[in-house]
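Notes for the structure review
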Amino acid sequence: MPVLVGAPRTRVLKLLSLVIGLAALLVLVLDLIVASPGRHEAWNAGGLMVVAGVAYWLVSTGRAQYVAHLIVFGTLVIAVNSVLTYGSVRTAVGFLFVAAVAGAGTFLGRTALILTVAASVGALGVLTLAEVNGWLSATPYFEVGLRVWITHSATLVVVAVMAYYSRRQLRDSFLRQSEELELRKKTEQERDRSLERFARIFHTSPSPMVAQSARSGMILDVNPAFERCYGYTRAQALGRQDDFLWADAEARKTYMAYLFAARRAEQYPVRGLRADGSTFDALISSEMGDDPEDKLIMTTISDVSAQNEVMERLRRSEERFAKAFNFSPLNMTITRLADGSFVEVNRAEDRAQGLAPEELKGKTSIEIGAWLTSRDREAFVAQLMRDGRVDGYETRMRHKDGHLVDTRLWAELVEFDGEPCILSCTVNISDEKQREALLLSVARGVAAETGEAFFGALTRHLCEAIGADMVVIGECRADGRVRTLAIRQNGQSLPNFSFPTENTPCGQTLLQQDMLICASDLPRHYPLATSLIESGCQAYLGKALRDADGTPIGVIFSLWREPIQLRPDTQALVSIFASRATGELVRLRHDREIQRLNETLELRVRERTADLQKLNAELDSFAYSVSHDLKSPLRAIDGFTRLLDEEVGPRLSADERQLLDRVLSSSRRMGALIDDLLALARVSQGVLERQMVDLSAMASGILAQERLRQPDREIELQIAPGLQAHCDPHLARIVLENLFANALKYSRTRPVARIEWGSLPPVGAEPALFYVRDNGVGFDMAYADKLFKPFQRLHMPSEFEGTGIGLATVRRIIERHGGQITGEGRPGEGARFCFSFGASATPPAALRSSPLEGGAP
């Protein structure tokens, strides 16, 4: 039976006190009224009332700690006294022992229950022994009545109350235990889920993690990231101390002492040691928890080697930037993007505004005059924001003395202490602008001049630009002397002359690539240059003028009567003027050469033309004579061979017949070749007799004759009517006969031969082109250069007969007329030949636009 505790115990004790008190009162009243003489229980009932009253008072006043003890002890005493009063243990007072034991079991602990049971058993034993031996003075009383019923009922009620509340307490205790068990299950499930989540986090964490025993330092578990970082497998690490992971043993001792003292460490910098012996920078964080009994250490390692390397590179970069910024010879500043106030200024001299760094800090760029107006800065910032950087931005600033300065800016957006700023570099370009203005003035001054007038203008501008007393431009001559092209002295132009260069600064200038400078004591350096000494000049600056292959062709030099200190831009100006003078001198020499060639060209052309005409006449005469002289022996060979064939032909064997036929064939081919050579020679001789010729009518007649010679062929003709040309009719017929013969010959493999005659529209003032087109075998354009050469053929003799003279003859006729001829074609797609008879070839426009006529007649 569970022991009642807390508020239910107090309520039960209070109720029992009240029930016991009321039962004792009722028994007392009945005992006084109806009890037999000599058998009063008033003392027992009164004592029980006193015990109940004291218990009720203690419970009501909140001092219920020993109330149960009082009730149990009082009940036992009253039970013993009742046995003594009634003289037997067999009376109803036995219920009181039961009630005492039930109360002890309900309200007291195990020890009190044992003592109560022992006391009850012992008391009953003693009393039973006394009753058996007659030691009890009272006579046993077994009378049953209302008092006994009341005593039994009260005892039962008390026991029932205790049993009810004990059962209720048992039920509540069971419910509480069930709830606690359920809560424990949930807690354990949550713990399991937490452990699972922890394990998942532990094994999937990208950072190396180690679980160790705090007592022994032994590694209990590592995650895969640890294996990747350190190079040890899990099996190699488990069960070992962690000292093999530290590059410095003393650092480990220090860290462990700090960890055990603080029980946690965060982002502690250490050096780790990998399996391959390499070390790395790491930040480790360990946790032991606040419970001193917690003996597990969880450690997370972060490899920060790459981060440290980046930070170190960043530090070095910032250091280099600071050095480059502060020690740059150019004026550099950092200003805020928002308002243009100066944040940093380097130590370089401010050549644009003349301000010291301390005069700039704390002020804005508009306040110091870096921008003349806020609108100028807004335009600059807009371009900077659009492009991210600005290169060579030209503007004007105000110097601290008030004058305006031309400047050029380079700027880039940077971030300085988390704020957008502008890193800028400023260069004073006032001198450059002045030089540009000077050069522009010079260019405008000499733009309209050429030849020797150009050199005069150039010397004038150079004198003004460098402040020289004399400027001379000279040209080298073949005899080693220099002839001046222009001389400027004291604002006046002097006559040109020539002078030797030996032992003079001009001679040395021509020998070296660089500029020759003698800033003072010119007579001492060149004592043999008498002309210079007589002129009183003390300073010299000269540069050689060289052509494309480096040969000196002239010189430009300046002289001063006083020693000079050259400005930084003087040499640059002289180099620019020298380059311009070189270009003009080269052009002047080319003009002279062209003029000389033009003067002799016409004479050389006439002489060459006469020589060519004489050679062509002699060649034509030779070719005609040779061809004519070859005809007689060839006729004899052919005649005697034919006679031999008639006499002995029937008696010849097959081989002899073949040899004889080959002789006849060769003689015929030789005759045709001689005829063609004679024709080629004839077209180059005689006088052209130009007249208007109807080429279309001539083409129709030639093609009609060809159709008669080849009646079995199917030929389709397309002839444009009315095409005329101003040409020699005899030679024109030869041209057309050769072109049409070739068209028919090379198209004979086609089922239907298509021959077209027409003209192309003239282009501008060019003469109209006539053309002959066929659908024959064509030719490869890669060999087109052989078309019009004598004895050159593009097809084998076994395929198409011919001597290779026809197109050469056509070309000779066309060239005699001052025209041109071209051929074009593709293998298997035919060919087209276009030609003209020179500028006099004027096919009537009306006839050219007429529709074509053609078809087989």
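Before reading on, note that the structure itself is shown above.
Heads up: these notes are all about the structure in this document.

Looking at the overall build of the chain
In terms of regular secondary structure, the chain is built from 23 helices and 25 strands. Within the chain, contacts between residues separated by at least 24 positions form 58% of all contacts whose residues are at least 6 apart in sequence. For the chain, the accessible surface area stands at approximately 48200 Å², while carbon and sulfur atoms represent 56% of it.

A short note on the packing of aromatic side chains
For the structure shown, the criterion picks out 18 aromatic pairs. Residues Phe497 and Phe499 carry aromatic rings whose centres are separated by 5.9 Å and whose planes lie at 50 degrees to one another, so their mutual orientation is tilted. The class for Phe497 is partly exposed, based on a relative accessible area of 44%. Centroid distance Phe770 to Phe835: 5.9 Å. Interplanar angle 40 degrees. Geometry classified as tilted. Of this pair, Phe770 sits in strand E22 (residues 769-774) while Phe835 sits in strand E24 (residues 831-835), and the two are 65 residues apart along the sequence. Take Phe770 and Phe835: they sit in the same class, and that class is buried.

Observations concerning the pairing of strand E8 (residues 389-398)
Two strands pair when backbone bridges link them, and E8 and strand E9 (residues 404-416) are joined in this way by eight bridges, in the antiparallel orientation. In the sheet register, Met397 faces E9, and the bridge partner there is Val405. Linking two consecutive strands that pair antiparallel, namely E8 and E9, is a turn of five residues; a positive phi of about 110 degrees is found at Gly402 within it.

Notes on the pattern of salt bridges
Across all of its chains, the model carries 30 salt bridges by this definition. The salt bridge involving Asp387 is made with Arg386; its shortest N-O contact spans 3.3 Å. Measuring nitrogen to oxygen at the nearest pair gives 2.8 Å for the salt bridge that ties Arg832 to Glu824. Sharing partners across several salt bridges, the network here consists of Arg580, Glu584, Arg587 and Asp591.

What about the sheet that holds strand E10 (residues 419-428)?
Judged by pairing direction, the sheet is antiparallel, and its five strands sit side by side in the order E7-E6-E10-E9-E8 without closing on themselves. Since the sheet does not close on itself, it has two edges, and those belong to strand E7 (342-345) and E8, each with one partner. The mean inter-strand angle of the sheet, taken between neighbouring strand axes irrespective of direction, is 30 degrees. Pairing geometry for strand E6 (residues 331-336) and E10, over six bridges, is antiparallel. Across the sheet, residue Thr335 finds its bridge partner in E10, namely Ile422. Of the strands in this sheet, E6, E7 and E10 touch helix H10 (residues 305-327), which is tilted by about 115 degrees from E6.

Let's talk about the packing of helix H21 (residues 729-746) against helix H22 (residues 806-816)
One way to put it is that H21 packs onto H22 with a least axis distance of 9 Å and a crossing angle of 145 degrees. Considering only the axes of H21 and H22, their crossing is left-handed. Residues Leu731, Ile734, Val735, Asn738, Leu739 and Asn742 of H21 lie in contact with H22, whose contacting residues are Gly806, Leu807, Thr809, Val810, Ile813, Ile814 and Arg816. Its residues assigned to classes, the contact of H21 with H22 shows eight nonpolar, four polar and one charged.

A short note on the sheet that holds strand E5 (residues 296-303)
One open sheet holds the five strands; their spatial order is E2-E1-E5-E4-E3, and the pairing between them is antiparallel. Each edge of the open sheet carries a strand with a single partner, namely strand E2 (219-222) and strand E3 (264-273). This sheet shows a mean twist of 25 degrees between the axes of neighbouring strands, independent of strand direction. Of the strand pairs in this sheet, E3 and strand E4 (residues 279-287) are connected by eight bridges, and their pairing is antiparallel. Among the inter-strand pairings, Pro269 is bridged to a residue of E4, identified as Leu283. Docked against the sheet, helix H9 (residues 249-262) engages E3, E4 and E5, running at close to 165 degrees with respect to E3.

Focus on unusual backbone geometry
Positive phi values are uncommon outside glycine, yet Arg263 reaches one of about 65 degrees. Checked against the element boundaries, Arg263 lands in the loop between H9 and E3. What makes Arg263 buried here is its relative accessible area of 17%. Of note in the backbone geometry, Asp521 takes a positive phi value of approximately 55 degrees without being a glycine. Considering the arrangement of structural elements, one finds Asp521 in the loop between strand E15 (516-518) and helix H16 (522-525).

Focus: the environment of Ala112
Looking at the secondary structure, you find Ala112 in helix H5 (residues 110-133). Ala112 gets classed as buried once you look at its relative accessible area, which sits at 19%. Once the C-alpha coordinates of Ala112 and Val72 are considered, the two residues, 40 residues apart in sequence, prove to be 9.7 Å apart.

Looking at H5
Here H5 is 24 residues long and its end C-alpha atoms lie 34 Å apart, about the 34 Å a rise of 1.5 Å per residue gives. Residues of H5 that are buried: Ala112, Thr116, Ser120, Ala123, Leu127, Ala130 and Glu131.

Digging into the environment of Ile71
Checked against the element boundaries, Ile71 lands in helix H3 (residues 67-86). On the basis of relative accessibility, which here comes to 10%, the residue Ile71 falls in the buried class. Taking the C-alpha atoms as reference points, Ile71 and Leu16, separated by 55 residues in sequence, lie 9.0 Å from one another. Once residues lying within four places of it in the same chain are set aside, the contact partners of Ile71 are Leu13, Ser17, Ile20, Val51 and Ala55.

So, the nonpolar core
Core analysis: the largest hydrophobic core is formed by 40 residues, its most contacted members being Leu695, Leu736, Phe740, Trp757, Phe835 and Phe837. Going through the elements one at a time, helix H20 (695-709), strand E19 (715-719), strand E20 (724-727), H21, strand E21 (753-760), E22, H22 and E24 are the ones with two or more residues in this core. Broken down by element, the residue count for this core peaks at nine residues, all from H21. The contact partners of Phe740, leaving out residues within four places of it in the chain, are Ala699, Ile702, Leu703, Ile755, Trp757 and Val772.

Calculation notes
- Residues numbered from 1 in each chain as written.
- Predicted model: local features only at pLDDT ≥ 70, side-chain atom pairs only at ≥ 80, totals over all residues.
- Heavy atoms only, no water.
- Helix = DSSP H or I, 4+ residues; strand = E, 2+ residues; numbered from the N terminus.
- Contact = heavy atoms within 4.5 Å.
- Areas by Shrake-Rupley, 256 points an atom, 1.4 Å probe, with all protein chains shown as cover.
- Phe/Tyr/Trp six-rings, centres within 6.5 Å; stacked < 30°, edge-to-face > 60°.
- Buried < 20%, exposed > 50% of the residue type's maximum accessible area, 1.4 Å probe, protein only.
- Pairing = 2+ DSSP bridges.
- Salt bridge = Lys/Arg side-chain N within 4 Å of Asp/Glu carboxyl O.
- Axes fitted to C-alpha atoms, helices over the stretch in contact; angles between N-to-C directions.
- Left-handed = near helix turned anticlockwise from the far one by under 90°.
- Nonpolar A, V, L, I, M, F, W, Y, C, P; charged D, E, K, R; others polar.
- Expected span 1.5 Å × (residues − 1).
- Core = buried A, V, L, I, M, F, W, Y, C linked by side-chain atoms within 4.5 Å.

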